[in-house]
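Observations on the model geometry
Each chain, written out:
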Amino acid sequence: MSKIQRFWYSGMLSTEDWWAVWLGLAFFSLGLLTLLGIDLVGWIAYPSKWVFNMPEGAISKKIVTIDKAFYALGGKYSLTARDTYQSLGPIGSILVTYIIFTIATVTGAYFQKWDVKRYFIGWTFIFFLTYLVWFIGHHAFFAASAVDLKRSHFPAMFTLSLGGGASFILALMAGLIIGNFFKPLARYLSEAAKPEWFIKTAIVFLGVKVGYLPIKAAATSEKIGHALADLTLDLFIAGAAATIVAYLIFWPGVYTISRLIFKLPRKTAAVLASAISICGVSAAVATGGAVRARPVVSIMVSSLVVVYAVIELVILPGVFTHIWPGIKDPMVAGAAMGMAVKTDGADAAAGELLDEFMRAKMDETSNGTVIWPEGIITVSAVMTKIWIDMFIGLWAFLLAMIWVYKIERQEGEKVPFSEVWFRFPKFVLGYFIAWFVYLGIFFGPGHGGSAEGMSVLKAAEAGAVPVEKGMRKLFFMLTFMSLGIITDFKKLAEAQFSKMIWVYFIALFFFIIPVASIIAYLFHHGMTLPNMATPGSALLGG
Amino acid sequence: MTQENNTDFGSLNTEDLDTSSVLEGAEEWSPIETKLVVGSFIAAGIALIIGLIIVPTSILH
Amino acid sequence: MFKRNKTKTLDMTLTHDGKNWIASNKTIKLAASSLGELDRKIENALRDEFVDNKRLNVFMAFDNEAIPMWIRPYMNHYFNRILVLPIQR
């Protein structure tokens, strides 16, 4: 059966991109039902920082004992079914989470015509390994900061202070170990290790987060709620401008480096330029098609992209947190990440890691007097990436016209405009719908966070938190794990890539990352994050 | 291996692909490429100026 | 974006086997190492379809099955192209 994109609705039931929209919007819609008093999302199992035994005098606040390492988020946030969700307990909530997401993702796998049995077995393995890693990564040694220890009246002790970042790093490491040392297992799991699907779904959930941020902040003060709504819209505008400028500098820069310094053929240079400078594999495929390259060009370049993307994911969050720009400019760091790290999965994962690192560092540096809202730095990294993804269709269309009509003229050929839609990333539709619906709730029935809208906002929060916090983090964890499983560093040693590896290395580290940082600084330097560290900083004490 | 149980490759198996010409045989740099590259940089400059003026969080504000 | 023009359109599927571009539909299947050569073969094969100065659009939709499965989630579309016959030289 052929897979062609011929009509505007082509692929709606058969592509991961559309299935990220369906999954994301399905759970987003279930979350909205809390506005009607029906809570169908509170079962999601979420981790707490834990220790085996509480030290004497310590209180179960930021850190809990092992038996409470997971809880159903609805047990804390639900307005109508709190007791039900509390009664699930840690194991019960994990099992319910497994059953529901198994049904949802296996349905997706079936419609995408994957090997359903293999997907199911692979998914089950990845799911439980992910939860195991999530559990280990939340041990106080990895995750707790000095401030967490103080808040829970713990005695001073050494911890890595990585926050939720520890779990992400461990998930990536576990995945990489499988991907590089247990290759037959990795090949088997690859049917279910789908970082692009998981991250696109997570990005739709992130849309809920962006819309929910002002709602959460409004509990601290109406003013902060408005400030966060403004900040997300500022990110939207600055992200668009920065991305356009970045595109137009990155692409010709890398193309020239590839052609003049490394003497690559035109089509290879064009595909490589898009991959390194724009959005990795998707750009490599889109550009390969645009310049009518034989598919082998895009396939070779894509194999390199996924490996370099993971290298970026490992290096950049730490560099941006501890070297430059640090906690002085978290939005600059996030935006630069979005422009520099290739593939949606690696970028969003790097943004999430940056979010954890930055908040943990700020908490530590300010001794708990400054607390940034969770997730906004991730949003800054994803916002530029989403613009990049949306522009690739337009860029590939323009490039196709320049190529077919000018550079390598093909008599009789026309470039159909429908190409723009076929290359449009559909998951962003889910992201924007989720964002704007919650923003609409905030400014509409929520009265912009004033006292009269508070009951609606509380009801919205009960449905939003399990999605934007629990499900989003779970899908980020699944992304880290899957990215590791499908990444084989040995690829870099394959002779066929030869000088392409060096073009990539030089262009990325000496051109793309510095220029991305400068452009991000020019457009995002004016952004500041509100401080949430005031009494009663959450609607429900969370 | 069949298509269904092989997630590594589509109908194009990399072993079937002729990879030699991907890196070799660079064409001469042509004037149209200069136009493309310079045009893109100029467009970037214009977009940068307009962007810095329009975007409220830019360093110009 | 999706409006139909008056010129007759013939649909074909395009793919690549590693060496050749291949265009096919239910009745014909043509292969060539370059798209230009493929276009000329298509023009010859379909000559009866655009007699009397009538134009014929051949819409070639690329079959994404040719792209390795692990790459498809990143981008579901390689490219589609329209060949306007007869080719104006």
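Residues numbered from 1 in each chain as written. Chains lettered and ligands numbered in written order. Predicted model: local features only at pLDDT ≥ 70, side-chain atom pairs only at ≥ 80, totals over all residues. Heavy atoms only, no water.

A few words now on the overall build of chain A. Of the regular secondary structure elements, chain A holds 20 helices and five strands. Relative to the compact-globule value of 24 Å for 542 residues, chain A shows a C-alpha radius of gyration of 23 Å, a close match. Principal-axis analysis of the C-alpha atoms gives chain A an extent of 75 × 50 × 45 Å. About 17600 Å² of surface is accessible on chain A, with carbon and sulfur atoms providing 69% of the total. The centroid of the 43 positive side-chain charges in chain A is displaced by 7 Å from the centroid of its 33 negative side-chain charges. (Helix = DSSP H or I, 4+ residues; strand = E, 2+ residues; numbered from the N terminus. Rg over C-alpha atoms; globule rule 2.2 N^0.38 Å. Areas by Shrake-Rupley, 256 points an atom, 1.4 Å probe, with all protein chains shown as cover. Lys, Arg positive; Asp, Glu negative; His and termini not counted. Charge placed at Lys NZ, Arg CZ, Asp CG, Glu CD.)

The helix and strand inventory of chain C stands at one helix and five strands. The N-to-C order of helical and strand elements in chain C reads β-β-β-α-β-β. Along the longest, intermediate and shortest principal axes, the C-alpha atoms of chain C span 45 × 30 × 25 Å. Looking at chain C alone, contacts between residues at least 24 apart form 49% of all its contacts between residues at least 6 apart. Within chain C, the 10 negative side-chain charges are centred at a point lying 4 Å from the centre of the 15 positive side-chain charges. (Contact = heavy atoms within 4.5 Å.)

Moving on to the pairing of strand β4 (residues 56–62) of chain C. Residues and elements named next belong to chain C. Most of β4 sits inside the fold, with seven of its seven residues counted as buried. As judged from the seven bridges shared by strand β1 (residues 8–16) and β4, these two strands associate in the parallel manner. Considered in β4, the bridge of Leu10 is made with Val58. The sheet contact formed by β4 and strand β5 (residues 80–85) spans six bridges and is antiparallel. Directly across from Val58, in β5, lies its bridge partner Leu83. (Buried < 20%, exposed > 50% of the residue type's maximum accessible area, 1.4 Å probe, protein only. Pairing = 2+ DSSP bridges.)

Scanning the entire structure with this criterion turns up two cavities of 30 Å³ or more. As for the largest cavity, its lining consists of 17 residues, and the residues nearest its centre are Asp17, Arg423 and Pro425 of chain A together with Tyr74 and Met75 of chain C. Along the lines of polarity and charge, the residues of the lining of the largest cavity split into nine nonpolar, two polar and six charged. In this structure, the second largest cavity spans a volume of roughly 30 Å³. Contributing to the lining of the second largest cavity are Gln5, Ser10, Thr15, Asp17, Trp18 and Lys426 of chain A together with Asn76 of chain C. Residue composition of the lining of the second largest cavity, grouped by class: one nonpolar, four polar and two charged. (1 Å grid on protein atoms, 1.4 Å probe; cavity = no way out; pocket = protein on both sides within 12 Å on 5 of 7 lines; lining within 4 Å. Points joined across faces, edges and corners; volume = space filled by probe spheres on them. Nonpolar A, V, L, I, M, F, W, Y, C, P; charged D, E, K, R; others polar.)

This paragraph deals with helix α2 (residues 31–54) of chain B. Three- or four-residue spacings in an α-helix give side chains the same orientation, since the helix completes a turn every 3.6 residues. For α2 of chain B, which comprises 24 residues, the first-to-last C-alpha distance of 34 Å matches the rise-based estimate of 34 Å (1.5 Å per residue) to within 8%. Where α2 of chain B is concerned, the buried positions are Glu33, Leu36, Val37, Ser40, Ala44, Ala47, Gly51 and Leu52 of chain B. (Expected span 1.5 Å × (residues − 1).)

Once that is clear, we can look at the sheet that holds β4 of chain C. Each strand in a sheet pairs with another by means of backbone hydrogen bonds, the pair being arranged parallel or else antiparallel. Read from one edge to the other, the open sheet built from six strands follows the order β5(A)-β5(C)-β4(C)-β1(C)-β2(C)-β3(C), with strand pairing classed as mixed. If you trace the sheet from one side to the other, it starts and ends with β5 (413–414) of chain A together with β3 (29–32) of chain C, each paired once.

With that out of the way, let us pick up the confidence of the model for chain A. Put simply, chain A has an average pLDDT of 92, and 98% of its residues get 70 or more. Here residues 536–542 of chain A is modelled with pLDDT under 50, and outside its nearest four sequence neighbours on either side it reaches 20 contacts, counting other chains as well. (pLDDT = per-residue confidence, 0-100.)

On to the packing of helix α14 (residues 330–340) of chain A against helix α15 (residues 344–365) of chain A, then. All names here are of chain A. At a minimum axis separation of 9 Å, α14 and α15 run at an interaxial angle of 165°. The pairing of α14 with α15 is recorded here as roughly antiparallel in orientation. Read as a crossing pair, α14 and α15 show a hand that is right-handed. Contacts between α14 and α15 pair Pro330, Ala333, Gly334, Met337 and Gly338 from the former with Asp347, Ala350, Gly351, Leu354 and Met358 from the latter. In the contact of α14 with α15, the residues fall into six nonpolar, three polar and one charged. (Axes fitted to C-alpha atoms, helices over the stretch in contact; angles between N-to-C directions. Parallel < 35°, antiparallel > 145°, perpendicular 65-115°, else oblique. Left-handed = near helix turned anticlockwise from the far one by under 90°.)

Moving on: the interface of chain C and chain A. Taken together, the contact between chain C and chain A spans 39 residues of the former and 43 residues of the latter. Of all residues in chain C, Tyr74, Met75 and Tyr78 of chain C bury the most surface against chain A, accounting for 19% of the area lost on that side. The interface formed by chain C and chain A holds two salt bridges in total. Of the charged contacts in the structure, one is a salt bridge between Arg81 of chain C and Glu413 of chain A, with a shortest N-O distance of 2.8 Å. Joining chain C to chain A, the criterion identifies 13 residue pairs in polar contact (both at pLDDT 80 or more). For the side of chain C that touches chain A, the secondary-structure elements that each account for two or more residues are β1, α1 (35–45), β4 and β5 of chain C. Looking at the side of chain C that touches chain A residue by residue, the classes come out as 21 nonpolar, eleven polar and seven charged. Both β5 of chain A and β5 of chain C contribute to a ladder of two bridges, which runs antiparallel. If you follow Glu413 of chain A over to β5 of chain C, its bridge partner there is Leu83 of chain C. (Buried area = accessible area lost by both parts, 1.4 Å probe. Salt bridge = Lys/Arg side-chain N within 4 Å of Asp/Glu carboxyl O. Polar contact = N/O pair within 3.5 Å; in protein donor to acceptor, adjacent residues only side chain to side chain.)

Okay, the pattern of salt bridges next. Side chains that differ in sign of charge can pair as their charged atoms come close. For the structure on display, the rule yields 24 salt bridges over all chains. One continuous salt-bridge network, built from bridges that share partners, spans Glu352, Asp355, Glu356, Arg359, Glu374, Arg472 and Lys473 of chain A.

This part is about the side chain of Thr102 of chain A. All names here are of chain A. Position of Thr102 relative to the elements: it lies in helix α3 (residues 82–111). For Thr102, a relative accessible area of 8% gives the class buried. With sequence-adjacent residues up to four places away left out, Thr102 is seen in contact with Thr107, Phe120 and Trp123.

Here the amide bond leading from Trp324 of chain A into Pro325 of chain A is cis, since omega sits at -5°, within 30 degrees of zero. Within the secondary structure layout, Pro325 of chain A lies in the loop between α13 (295–322) and α14. Of note, the bond from Leu85 of chain C into Pro86 of chain C is cis; its omega dihedral lies within 30 degrees of zero at 0°. With a phi close to 55°, Ser161 of chain A is a non-glycine residue in the positive phi region. Along the chain, Ser161 of chain A falls in the loop between α6 (146–151) and α7 (165–181). In this model, Lys263 of chain A sits at a positive phi of 50°, which is unusual for a non-glycine residue. Within the secondary structure, Lys263 of chain A sits in the loop between α10 (222–261) and α11 (266–277).

Attention now moves to the packing of aromatic side chains. Inspection of every chain in the model, using the stated rule, returns 66 aromatic pairs over all chains. Where Trp251 of chain A meets Tyr255 of chain A, the ring centres are 4.9 Å apart and the plane angle is 10°; that geometry is what we call stacked. Of this pair, Trp251 of chain A and Tyr255 of chain A both sit in helix α10, four residues apart, which is roughly one turn of the helix. The exposure class assigned to Tyr255 of chain A is buried, which follows from its relative accessible area of 0%. Between Trp21 of chain C and Phe79 of chain C, the ring centres sit 5.8 Å apart and the planes meet at 75°, which makes this aromatic pair edge-to-face. Here Trp21 of chain C, found in strand β2 (residues 21–24), pairs with Phe79 of chain C, found in the loop between β4 and β5; they are 58 residues apart in sequence, far enough to count as distant. Exposure remark for Trp21 of chain C: the relative accessible area of 2% places this residue in the buried category. In this arrangement the basic side chain of Arg6 of chain A is found over the ring face of Phe59 of chain C, its NZ or CZ atom lying 3.6 Å from the centre. (Phe/Tyr/Trp six-rings, centres within 6.5 Å; stacked < 30°, edge-to-face > 60°. Lys NZ or Arg CZ within 6 Å of the ring centre and 35° of its normal.)

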